[in-house]
Each structure stands twice: as C-alpha cells, then as structure tokens.
Amino acid sequence: MIQEGDFAELLEHTFDHFPHSSQSRQVTVRMIPDSVHPGASRAEQEIFSQLAALEVAGWEYAMHSTNLPEHDRKRVCEIDFLLLGERGLLVLEVKGGEILLRKGVWHTRDLKGNRHRLKESPLDQAQTSMFALEKVLRRTTADPDLVDRTVFGYGAVFPDSEFDAVSVEWAPEMVINEVRLASEGWADCLDRLGAFWENKLGGRGPLSPDDIERYLNVLRPDFDRVLSLRRLDDLVEKELVALTKSQYKALDQHRRNPRVVFEGGAGTGKTMLAVEMCRRARVSGERVLLTCRSHVLAAFIRSQQDLDGITAVPFDQVSAFDADTFDVVVVDEGQDVVNGHDLDVLDTVLVGGLADGRWAFFLDSNNQRGLVGRYEDDAKARLDSHRPTNVDLMDNCRNTIEIVRATQERTGADLGVTEAGHGREVVVVEEVREKAVAAVLAALTELEEHDVPSEQVVLLSPHQLNASIFVELPAEWLERIDVLDLMRMRRPGRGRVGFARVADFKGLESRYVLLEVDDTADEKAARAQLYVGMTRAKAALWVFKPGGTGVDG
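All values derive from a computational prediction rather than experimental measurement.

Peer 1: Just to check I follow, could you spell out the packing of aromatic side chains for this structure?
Peer 2: Two aromatic rings, taken as a pair, are described by how far apart their centres are and by the angle between their planes. Counted under the stated rule, the structure contains 11 aromatic pairs. Ring geometry for Tyr154 and Trp197: centres 4.9 Å apart, planes at 45°, overall tilted. Residue Tyr154 is found in strand β10 (residues 152-158), and its partner Trp197 is found in helix α6 (residues 185-198); the two are separated by 43 residues along the sequence. Per residue, the accessibility class of Tyr154 equals that of Trp197, and both read buried. Measuring from centroid to centroid gives 5.0 Å for Phe196 and Trp197, while their planes differ by 85°, and the two rings are edge-to-face. Here the aromatic residues Trp106, Phe158, Phe163 and Trp170 are joined through ring pairs into a cluster of three or more.

Structure representation (structure tokens):
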C-alpha cells in the first residue's frame, strides 16, 4: 500500500511533469457520436453531457461506447469513453453508484442500496481495453510507427462515489471520483491522468494534427455507427452500419447549420441519414418531423427502432398539424415536395418557417423528378434563397459496380462511387411478352436452385400486379407473390416473393430485384422509372422489357 507521505510526494512529482497541458490550446471536446448511446447508463449519460460542454487542452475528441472486435479474454470489448487528441489516447471506464472494495472483490451499490458484485476490477477492465485497442490499431493503422510513438493510458471514473482506496495496483491519478470531479473539475482530472501516462518511459510524445486525423479515420467508423433501415429481427436485433466520409460530413453539417440541402443519387444513404439526423435532434428535446411523399416509405420508417418521440408521417398528413408544431423538419425524397404548395405547408408547421427555422431536405433532383409528387424550379430557388448549406453525397453504399454501370448506361445518371464491390452482371431481356415471362420464370427458378431465400426477392413494375408481366407466371409462382405492405416488409413470409410498384418502392431496397420496364411511357417518366427501379437492387438485377403480344414477326 502507498503511505500518505508517499502519496503527497507522488502528487508533487506529477505536478512537475505536464509537458503539454500548458502549451496546448483549449478546445471544446467533440463528441462522437454527437448523441448519447441509447443503452447508456445514467452515469454515462451524465458524463457524456459534461464532456460535451468541456473546454480542455490536449483532448479534441471523446468517443462514446464502442465494441472492439478483439480482446484476449472476451468476445467483445466495450470502451465507455475514448479520448483522442494531441496527448494521445485515453480509455475511461465508467462505473456509476457507490463503489466498494472488500477483500479484493469489487462491488457497486445502487441508489436503492442493493449491492452488486463486479466480475472484474474497473481498472483491470480499462487496462485490458487499452491493450486491446492498441492491438487493433497496430493492425489497422497504415503508419506502423504511429502506435509506437503514441501515449496510451487508462483510468476509472466513479462519478457517484467517494472511492479513495490506495493500492500498489493503481496510482491515485488513475481514479477520478465524485470528490475530485467536484473540487477539481474534469479538465484538471484529465490533465493529471494524461500527465501520469506521459511520464512513462518509452519515447512516446504528442501527436500532430495529421496523426490525430489518421487515428480518427481508423476509429470513427467503429465508434459512430448508426442504425440501418434493414431490421434483422423486428423486435430484437439492430443492424449497425459504418458511415462513409461524405455521410459523416452530412451529419456534421446539420449539427453546425440550421438549414441544409443534401443532394445524392440512389444508394447514397439519404433515407438512413435522414432517420439518424432525426434521432440525434431528438436527444436535445426538440420536436422533430420526418416526412416523405410515399405512404409505404413513411410507414416503414415509422416502424424502425429508437424513433420514439419523432413524428414520421407521409406528407399529405403534415397539413393537419397546427402552426409552429415542430422545431426541426427533415424531408426525405425531397424532390417530391419541392413545389410552392408543399413548401407553404412546411413553412406553417415549422417554428421560424423555412426562412429562419431548422430543416433538412434530402433529394435527388436530377434523376427522380416527376415520378411522384411535383418538383418546381422556382420552389427550389425559394429554398436556396434561405441560404442553406449544400452537401453532395457521392458514395453509393447500396449497389454493386455492375448495377451502377448498367444504370448509368441506360439512364445517364451519375450514381457516384460505389462502395459495394463487384456482383453478377445485370441481365437485360428485351423480348415479346411471352418470352419475357419465360425469362422471369427462369430467373426465379435459378435463384431458388441456388438456395436464395425467396423473401429476399422483389418484383417491381410500373403497373399494379394484375397488369404486370408477373401476373402471367405459372400458378405455383403466382400464388407465392405478396403485394408488399408494411407488415410484409417488416416480416416477409418464408418462401414468399414480394411485389411492389416502382413508385411505392422509392427509398427502399432489396437484395434481388426483377424489374419490368414500360416502353409505352413518355421518355422522362420512363427514365425515372428505370432509374428508381434499377437502383433498388443491392446484389443482382434483372430488367425485362416486354413488347408485342407474344406473336413473333
């Protein structure tokens, strides 16, 4: 055990070795993500708020709640808070409630007085997390020397406890308790903890801005994941996806600017980002509206996890709300509502109106105009007059290279740079109706022979099912087709194939798509139908263009 005199001497020695704190510029800590994790404990929520308001030298980012993929003793390793900045990387393990150490066994006592035994020391937990982090970074960071010259450290935070036990197993600086937070504040506590690790041997020193950026590029995808719009299970599981750099920019711009217009082609994650933006706005207690023209898409969005407190409705229901009902308005598939009448509706329900209120439009004005709703150039000029920030989404996260290339060749649309990799070639069938139906049957049979679940297959057409080529499939297939509604999208029946009109499937996606093209539509409408239909496919796409009545010649 460390004696009282030794403790004083150690503190005095520590105060003499703060090589960076006096020279670094104080900055407000940037939280990643910028809203607290939904499953965070009360203590973590409070610390998140405190760090988000903190101005401190040497720590630019605080990353909250992540699971590292590698750990010596665990399948996953969660870090409560990870600080990154000029001074290095600092792992913080948070334990709320009163902290007790009895005969080497750690316990917490909650507000009701119940004692809970901990599986391991919070300090051991922080230490092993730090080593796991260092191991992952050594493998994933492009610069092999960067990890070797970086200061790594860890500490335990007990915000509700006066825990002050002294042991040879840890230094006093490594414990941030209720008393220290109240008397010294976060900045001094972090300063002492950082200095403790900086004084370790090993030739490690401060990070440059480029070094910090390198770490951020590696770490951020793991720390700032968002919920996708595809549920693995309706009630339990969440699917998390890592954002691209342009998508990070989208969320960052909305945090900094009250009015933003996001332009992006199909597959750039507009709907996912719109939903995530609403989740983050809701954290601050704002009244949030998320709307789009499609009833099907609005219902699907409304069914997603963690949207409590967010109003998600189709656009034709927005006018029923009173004036100034919402503090933030987010519009998905915005090209469908950029017209004078619809903008007037939004202007009424938004506090401050479109001129002074907070809003975001996600749209694809070049390729999806005219399929649903109405787009007017004058109305777009009206939006632009309110000086929104414009953000281009260029990373296609949905479609394979083959689907992107085929869509560009047939529509002339720029789908950006795809992140999805290679898949199978797009199959295009231009035949008389009878042969086109036979080709549809062959494609469905091929998928079934390759054990593709039928519920991952969607048939799309400009027409209702009874007017499409799919209605002419043999009875054993026709009986397996479900016209998609919200229930069937959330819980597709095993062995069932979905069907939807192209216009109703905007904003949605499926792994395998069989698309019927209408060659009788006018050129503009046909191009929009083709563009939307082709870009719904994630892995494989068949395009059928039937002509004639089934008689050759």
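Peer 1: Would you take a moment to explain the sheet that holds strand β9 (residues 115-117) for this structure?
Peer 2: Adjacent strands of a sheet pair through backbone hydrogen bonds, lying either parallel or antiparallel. Read from one edge of the open sheet, 3 strands run β7-β8-β9, paired in antiparallel fashion. Every other strand in the sheet has two partners, leaving β7 (98-102) and β9 as the edge strands with one partner each. Neighbour-to-neighbour, the strand axes of this sheet turn through a mean angle of 30°, independent of strand direction. Strand direction decides the pairing type here: strand β8 (residues 105-109) and β9, joined by 3 bridges, are antiparallel. By the bridge assignment for β9, His107 is matched with Arg117.

Peer 1: Hey, could you run me through the sheet that holds strand β19 (residues 389-393) in this one?
Peer 2: Taken together, the 6 strands give an open sheet; going across it, the order is β16-β15-β17-β18-β14-β19, and neighbouring strands pair in parallel fashion. Looking at which strands have only one partner, the edges of the open sheet turn out to be β16 (310-314) and β19. Taken over all neighbouring pairs, the strand axes of this sheet differ in orientation by 15° on average, direction set aside. Note that strand β15 (residues 288-292) and β16 share 5 bridges and pair parallel. Looking across to β16, one finds that Thr291 is bridged to Val313.

Peer 1: Just to check I follow, could you spell out the pairing of strand β27 (residues 537-547) for this structure?
Peer 2: Along a regular strand, successive side chains alternate from one face of the sheet to the other. In terms of residue burial, β27 counts as a mostly covered element, since 9 of its 11 residues are buried. Sheet topology note: the strand β22 (residues 427-432)/β27 ladder contains 6 bridges and is parallel. Directly across from Val432, in β27, lies its bridge partner Gly547. Sheet topology note: the strand β26 (residues 510-516)/β27 ladder contains 6 bridges and is parallel.

Peer 1: When you look at the environment of Ala323 in this model, what are you seeing that I'm missing?
Peer 2: Along the chain, Ala323 turns up in the loop between β16 and β17 (328-331). Taking the C-alpha atoms as reference points, Ala323 and Leu346, separated by 23 residues in sequence, lie 9.3 Å from one another. Ignoring sequence-local partners within four residues, the contact set of Ala323 consists of Thr348 and Val349.

Peer 1: What is the right way to read the pattern of salt bridges from this model?
Peer 2: Two side chains that carry opposite charge are able to pair once their charged atoms sit near each other. Using the criterion set out here, one finds 32 salt bridges in the structure. Asp384 is paired through a salt bridge with Lys380; the nearest N and O atoms lie 3.0 Å apart. With a gap of 4 residues between them, Asp384 and Lys380 both fall in helix α13 (residues 377-384), about one helical turn apart. Judged by relative accessible area, which is 34%, Asp384 ranks as partly exposed. Relative accessible area serves as the criterion here: at 13%, Lys380 is assigned to the buried category. The closest approach of N and O atoms between Asp504 and Arg501, which form a salt bridge, is 3.4 Å.

Peer 1: I'm lost on the side chain of Thr128 in this one. Help?
Peer 2: Relative to the elements of secondary structure, Thr128 occurs in helix α3 (residues 122-140). Side-chain polar atoms of Thr128 contact the backbone oxygen of Gln125, separated by 3.1 Å.

Peer 1: Whenever I open this one, helix α18 (residues 523-534) confuses me. Can you help?
Peer 2: Each turn of an α-helix holds 3.6 residues, which means side chains three or four residues apart point in the same direction. Along its 12 residues, α18 runs 16 Å from first to last C-alpha, staying within 8% of the 16 Å computed at 1.5 Å per residue. When we look at burial in α18, the residues that qualify are Ala528, Gln529, Leu530, Tyr531, Val532, Gly533 and Met534.

Peer 1: Help me understand the side chain of Glu263 in this model?
Peer 2: Here Glu263 lies in strand β14 (residues 259-264). We note that Glu263 is buried and unpaired, the nearest opposite charge coming from Lys380 at a distance of 4.9 Å. Not counting the four nearest positions on each side in its chain, Glu263 is found in contact with Leu363, Asp364, Ser365, Lys380, Val391, Asp392 and Leu393.

Peer 1: What exactly am I supposed to notice about unusual backbone geometry here?
Peer 2: In terms of backbone geometry, most residues other than glycine have negative phi values and most peptide bonds are trans. Positive phi values are uncommon outside glycine, yet Glu333 reaches one of about 50°. As for its placement among the helices and strands, Glu333 is situated in the loop between β17 and α11 (340-349). A positive phi angle, near 60°, is found at Arg387, a position not held by glycine. Mapping Arg387 onto the fold places it in the loop between α13 and β19. For Arg387, a relative accessible area of 65% puts it in the exposed group.

Peer 1: Would you explain the packing of helix α14 (residues 401-411) against α18 in this entry?
Peer 2: Where α14 contacts α18, the axes come no closer than 10 Å and their chain directions differ by 180°. One element, α14, and the other, α18, form an angle in the roughly antiparallel class. Contact with α14, carried on its side by Ile403, Ala406, Thr407, Arg410 and Thr411, involves Arg527, Leu530, Tyr531 and Met534 of α18 and no other residues of that element. In terms of residue class, the contact of α14 with α18 is built from 5 nonpolar, 2 polar and 2 charged.

What counts and what doesn't
Residues numbered from 1 in each chain as written. Predicted model: local features only at pLDDT ≥ 70, side-chain atom pairs only at ≥ 80, totals over all residues. Heavy atoms only, no water. Phe/Tyr/Trp six-rings, centres within 6.5 Å; stacked < 30°, edge-to-face > 60°. Helix = DSSP H or I, 4+ residues; strand = E, 2+ residues; numbered from the N terminus. Buried < 20%, exposed > 50% of the residue type's maximum accessible area, 1.4 Å probe, protein only. Pairing = 2+ DSSP bridges. Axes fitted to C-alpha atoms, helices over the stretch in contact; angles between N-to-C directions. Contact = heavy atoms within 4.5 Å. Salt bridge = Lys/Arg side-chain N within 4 Å of Asp/Glu carboxyl O. Polar contact = N/O pair within 3.5 Å; in protein donor to acceptor, adjacent residues only side chain to side chain. Expected span 1.5 Å × (residues − 1). Lys, Arg positive; Asp, Glu negative; His and termini not counted. Parallel < 35°, antiparallel > 145°, perpendicular 65-115°, else oblique. Nonpolar A, V, L, I, M, F, W, Y, C, P; charged D, E, K, R; others polar.

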